Amino acid sequence: MKWIEKELNQLKEKNLYRSLRTLSSPQGKEITINGRRLINFSSNDYLGLAKEFCQECGKWGSGSGASRLVCGNFEIHEKLENKLAELKKTESALLFPSGYMANVGVISTLAGEGDVVFSDELNHASIIDGCRLSKAKVTVYPHKDVDTLEYLLSKERKNYRRSLIVTDSVFSMDGDVAPLDKLFKLKNEYDSILIVDDAHATGVVGWSSFELFSLTPDETTVIIGTCGKALGTLGAFVCGSTLLKEYLINKCRTFIYTTALPPSIVCQTLKNLKEVPERMKKLQSNIEFFRNLTGINSQSAIFPLIVKDEKSALILSHHLYENGFFVPAIRPPTVKKSRLRISITSEHTKEEMEQLIKAIKL
Ligand SMILES: *Cc1c(COP(=O)(O)O)cnc(C)c1O
């Protein structure tokens, strides 16, 4: 097993080694790491809901005991699915244990050999893995480049049975937004299914990224949302037609062969949904404040601060840590260009955002 040590040492030499940081506090705007209190500018808990846990949740116990298709399907799962479908303006929704599993499962269920998937180059790792698992032809298009995508569709679409266009709506490491209106049009013109990953959009830019473009989902649209980010808990949901839901229940391996989300968690997600509108307003006003403060033109809660290289990212992150801020360095292979990924939440005060910027400018 010497090769493991060798590979790890190579990572260290390239400043690409990763290690775990350990929290001794609950998740939130303030966290404790190694006995040090830090203002957290790194979580996806955009509305500060992750620390909530109501008494009613405890009534359900801690586990679901089985997969949904065996005996792990609770009324409360269906209640949450109906609510989420309503919020995303689709016919139905299906819960998954995580966003990773939703993406991997949906893409590999809807596409197979003889099909083609068009995927944005900056899509989330779970989309990439779903594409690989599907065995479909995967065509990666340059980031948000709809003209190149149209060219590729015109050239390749006709050679395949089914076609998917897959994109993050808010990109997870850059915070920018996909041109969903144009992708929606291309999907119709080229007889494709559009899959949109709303992980960083749900509860941030609205209930759904489609609101930004005044789009309404139709039967060839699939929107995937997650509960682990702004909604503060765990799990994911695939929103689309009732027919799609029925198909996934029958065919999707990451839905069928895994334990259902615990009803306690589902109960908390339902509770958190009620808190979203008010906190989202606060978040959006914080985002605007931070955008003006930094000049970083993000349309979401994610503000990338691109730096020279891996080492600079580590040094800056460490400097901020010493000054009481937690903003980890994001490096390859997660991104091409190393950066600090600053995420703003509804909980941050203007003073804290200003202090962070002061600390960054050394
Ligand atoms: C976080 C994330 C996922 C995965 O969701 P989990 O529920 O954390 O597994 C999928 N897609 C995107 C864009 C994400 O940022």
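The rules behind each value
Residues numbered from 1 in each chain as written. Predicted model: local features only at pLDDT ≥ 70, side-chain atom pairs only at ≥ 80, totals over all residues. Heavy atoms only, no water. Helix = DSSP H or I, 4+ residues; strand = E, 2+ residues; numbered from the N terminus. Rg over C-alpha atoms; globule rule 2.2 N^0.38 Å. Buried < 20%, exposed > 50% of the residue type's maximum accessible area, 1.4 Å probe, protein only. Contact = heavy atoms within 4.5 Å. Lys, Arg positive; Asp, Glu negative; His and termini not counted. Charge placed at Lys NZ, Arg CZ, Asp CG, Glu CD. Phe/Tyr/Trp six-rings, centres within 6.5 Å; stacked < 30°, edge-to-face > 60°. Lys NZ or Arg CZ within 6 Å of the ring centre and 35° of its normal. Domains from an automatic or database assignment. Buried area = accessible area lost by both parts, 1.4 Å probe. Salt bridge = Lys/Arg side-chain N within 4 Å of Asp/Glu carboxyl O. Polar contact = N/O pair within 3.5 Å; in protein donor to acceptor, adjacent residues only side chain to side chain. Expected span 1.5 Å × (residues − 1).

(A) Examining the overall build of the protein chain more closely. Within the protein chain, the secondary structure is distributed over 12 helices and 13 strands. Scaling as 2.2 N^0.38, a compact globule of 362 residues should have a C-alpha radius of gyration of about 21 Å, and the protein chain matches this with 21 Å. Sorting the 362 residues of the protein chain into buried and exposed places 55% on the buried side. Put simply, 72% of the contacts in the protein chain that link residues at least 6 apart link residues at least 24 apart. Distance between charge centroids for the protein chain: 4 Å, based on 48 positive and 43 negative side chains.

(B) Quick look at the side chain of T167. Position of T167 relative to the elements: it lies in strand β6 (residues 163–168). Ignoring any residue separated from it by four or fewer positions in sequence, one finds T167 in contact with D120, N123, I127, Y141, A178, L180, L183, I195, V196 and D197.

(C) Structural detail: the packing of aromatic side chains. All told, the structure shown has 5 aromatic pairs when counted by the stated rule. Ring geometry for F41 versus F325: centroids 6.2 Å apart, planes at 45°, classification tilted. On the criterion of sequence distance, the pair formed by F41 in the loop between β2 (36–40) and α2 (55–58) and F325 in strand β11 (residues 325–326) is long-range, its members being 284 residues apart. According to the relative accessible area criterion, F41 is buried, its value standing at 0%. Between W60 and F74, the ring centres sit 6.1 Å apart and the planes meet at 85°, which makes this aromatic pair edge-to-face. Note that W60 is positioned in the loop between α2 and α3 (75–88) and F74 in the loop between α2 and α3, a separation of 14 residues in sequence. Exposure remark for F74: the relative accessible area of 22% places this residue in the partly exposed category. The side chain of K350 reaches across the aromatic face of F289, ending 5.4 Å from its centre.

(D) The arrangement of unusual backbone geometry in detail. Backbone torsion omega between P332 and P333 reads 5°, so that peptide bond is classified as cis. Note on placement: P333 falls in the loop between β12 (329–330) and β13 (339–343). Here the phi dihedral of N34 falls at roughly 50°; this positive angle occurs in a residue that is not glycine. Summarising the element assignment, N34 is placed in the loop between β1 (30–33) and β2. In this structure N34 comes out as exposed when scored by relative accessible area, which is 71%.

(E) Structural detail: the domain arrangement of the protein chain. The domain boundaries assigned to the protein chain delineate domain 1 (20–50 + 275–361) and domain 2 (55–273). The distance between the C-alpha centroids of domain 1 and domain 2 comes to 26 Å. Counting from both sides, the interface comprises 25 residues of domain 1 and, opposite them, 22 residues of domain 2. Here domain 1 and domain 2 share an interface that buries about 1,800 Å² over both sides, 58% of which is from carbon and sulfur atoms. Where domain 1 packs against domain 2, one counts 2 salt bridges. Two residues, D174 and R339, come together in a salt bridge whose shortest N-O distance is 3.1 Å. Run the count over domain 1 and domain 2 and you get 12 residue pairs in polar contact (both at pLDDT 80 or more). Sorting the residues of the side of domain 1 that touches domain 2 by element identifies α10 (263–294), β10 (302–306) and β13 as the ones contributing at least two each.

(F) Spotlight on helix α1 (residues 2–13). For α1, with 12 residues, the first-to-last C-alpha span of 17 Å sits near the 16 Å given by 1.5 Å per residue. Note on α1: the residue one or two positions beyond its end, N15, has a positive phi of about 60°.

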